[in-house]
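A look at the structure
So you can see what is in the structure, the chains are spelled out below.
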Amino acid sequence: MRSMWKGAISFGLVHIPVDMYTAVESKGLDLTMLDRRDFSPVGFKRYNKGNGKEVAWDDIVKGYEYEDGEYVVLSDEDLRRANPEATQTIDIQAFVDAEDVPLIYYDQPYYLAPGKGGAKVYALLRETLREAGKIGIARVVIRVKQHLAALVCVGDTIVLNTLRYPDEMRDAGELKIPSPDSKTAAVTVKELKMAMALVEGMSEDWEPKQYHDTYREDVLALVKKKIKAKQTKTITQPEPEKEKRTSGKVIDLVALLQASLGKKPAKAALAALEDDDDDDDDPPPRKSNKPADDDDDDTPAPRARKTSGAGSRSGATAAKPAAKKAVSKKAAAKAPAKAPARKKAA
């Protein structure tokens, strides 16, 4: 791996020589632009806008336009001399808690490896970051731009992750984001519990190797298929456009969550959800001690619970006559309609 930057980490009087390496590489599809008439590659030329002639790389220099059509030529040495310390130093400004920096600020990661003679102080900074649970906020110039950066301990490596400046962030206030107390987007307790059960069912340990670019693999598989079918020069025409999916309101969010739970079941979470659903049901009406109305005459009086002990027996025997009297009064009120039938039955 080739180093793209050499310098040092600086904080206080500590100076750590380091080399910087790109931590990521693009795995996108490298598609070449072709002329559809004969499928020849389309090239681009660097040309002089004054005379239209092509310009070789060795004849190209950089310049800053200070007036319309007027430039100040700046060589790589000029850019370095403008501020030698800034171009060669990762200057730590402060140490902060990692959770205090929102993920949206993180931009591009780079590996930092100790330079010659820097292993000891490199290890000291790494272990200090790990022990303190902090990240270093620094300034660094990469190429011709000064970046805000975070020095993060990742395993045994110090990673420099460039950060976006606050003025580079767009204000989300212009977007229509539902608030937690929104009437149109209010989330019910049941919906939240079902969503939590779905999350529980889909939760697993982080295994980055299981994730890969499936779309790129599908396109490469299509390339092999077209080569095998000898259709390398065939331009596939688009099919008639299907009816566009309308983005209407979700009719039944609970039904969608239930269907999702069926695909990714979480037994423990679902069991807990069922228990919670039982708790969420409306409680049964309280039994009133007041005499029942005539409409409830068919409902018998509740029996006293049998318990051991003399006191409980006396309470039970005292309750039975009262219950019989109440029943006899109700029966008397309906005697004209039911008395004949009872006599025949007897």
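What counts, and where the lines are drawn
- Along each chain, residues carry numbers from 1 onward, in the same order as the chain's sequence is written.
- Local features in a predicted model are, by the rule used here, given only for residues with pLDDT of at least 70; side-chain atom pairs are given and counted only at 80 or more, and totals for whole chains, interfaces and linings are based on all residues.
- Hydrogens and water molecules were not included; the side-chain quantities draw on all heavy atoms of the structure.
- The working definition used for a salt bridge is a side-chain nitrogen of Lys or Arg within 4 Å of a carboxyl oxygen of Asp or Glu.
- Counting from the N terminus, the helices are the DSSP runs of H or I reaching at least four residues and the strands are the DSSP runs of E reaching at least two.
- Exposed residues in this analysis have more than 50% of their type's maximum accessible area, buried residues have under 20%, and partly exposed residues fall in between, with area computed by a 1.4 Å probe over protein chains only.
- Note on pairing: two strands pair once DSSP finds at least 2 bridges between them.
- In this analysis, two residues are considered to be in contact whenever any of their non-hydrogen atoms come within 4.5 Å of each other.
- Structural elements are reduced to axes, namely lines fitted to C-alpha atoms, with helices fitted over the stretch in contact, and the angle between N-to-C directions of any two is expressed from 0 to 180 degrees.
- Surface patches are defined over residues having more than 30% relative accessible area and no salt bridge, joining like charges when they lie within 9 Å and nonpolar side chains (Val, Leu, Ile, Met, Phe, Trp, Tyr) when within 5 Å.
- Here the open area of atoms and residues is found with the Shrake-Rupley method and a 1.4 Å probe, where only the protein chains shown may cover a residue.
- Under the counting rule used here, the positive set is Lys and Arg, the negative set is Asp and Glu, and His together with the chain ends is not counted.
- All charge positions are set by atom: Lys at NZ, Arg at CZ, Asp at CG, Glu at CD.

Here the structure, examined in full by the defined rule, presents eleven salt bridges. Where Arg 130 meets Asp 156, a salt bridge forms, and the shortest distance between an N and an O atom there is 3.5 Å. Of this pair, Arg 130 sits in helix H3 (residues 119-132) while Asp 156 sits in the loop between strand E8 (145-154) and strand E9 (157-163), and the two are 26 residues apart along the sequence. For Asp 156, a relative accessible area of 54% puts it in the exposed group. Residues participating in the shared-partner salt-bridge network are Arg 126, Glu 127, Arg 130 and Asp 156.

Glancing now at the pairing of strand E4 (residues 70-74). If a strand is regular, its side chains alternate between the two faces of the sheet. In this structure, strand E3 (residues 62-67) lies alongside E4, joined through five bridges in antiparallel fashion. Across the sheet, residue Glu 67 finds its bridge partner in E4, namely Glu 70.

This next bit is on the environment of Asp 19. Secondary-structure assignment places Asp 19 in strand E2 (residues 14-22). Along the chain, Asp 19 and Lys 6 lie 13 residues apart, while their C-alpha atoms are 4.6 Å from each other. If we ignore the near neighbours within four places in the chain, the residues touching Asp 19 are Ser 3, Trp 5, Lys 6, Tyr 111, Leu 112, Ala 113 and Gly 115.

The seven strands lie next to each other as E1-E2-E6-E9-E8-E7-E5, forming a closed barrel whose pairing is mixed. This sheet shows a mean twist of 40° between the axes of neighbouring strands, independent of strand direction. Relative to strand E7 (residues 134-142), strand E5 (residues 89-97) runs antiparallel, the two sharing six bridges. Bridge pairing links Asp 97 to Lys 134 in E7.

Turning our attention to the pairing of E8. The sheet contact formed by E7 and E8 spans seven bridges and is antiparallel. In the strand pairing of E8, Val 140 is matched with His 147. Remark: two residues form the turn of the hairpin made by E7 and E8, two consecutive strands paired antiparallel; Arg 143 in that turn has positive phi of roughly 60°. Relative to E9, E8 runs antiparallel, the two being bridged by seven bridges. Counterpart to Leu 151 in the pairing with E9 is Leu 160. Taken together, E8 and the strand that follows it, E9, pair antiparallel across an intervening segment of two residues, in which Gly 155 is found at a positive phi of about 65°.

Another aspect to go through is a negative patch on the surface. On the surface, a cluster of negative charge is made up of Glu 65, Glu 67, Asp 68 and Glu 70. For Glu 67, the position within the fold is in strand E3.

Backbone geometry places Phe 39, a non-glycine residue, at a positive phi of 60°. Its place among the elements puts Phe 39 in the loop between E2 and E3. What makes Phe 39 partly exposed here is its relative accessible area of 29%. Phi is positive for Lys 230, close to 55°, though the residue is something other than glycine.

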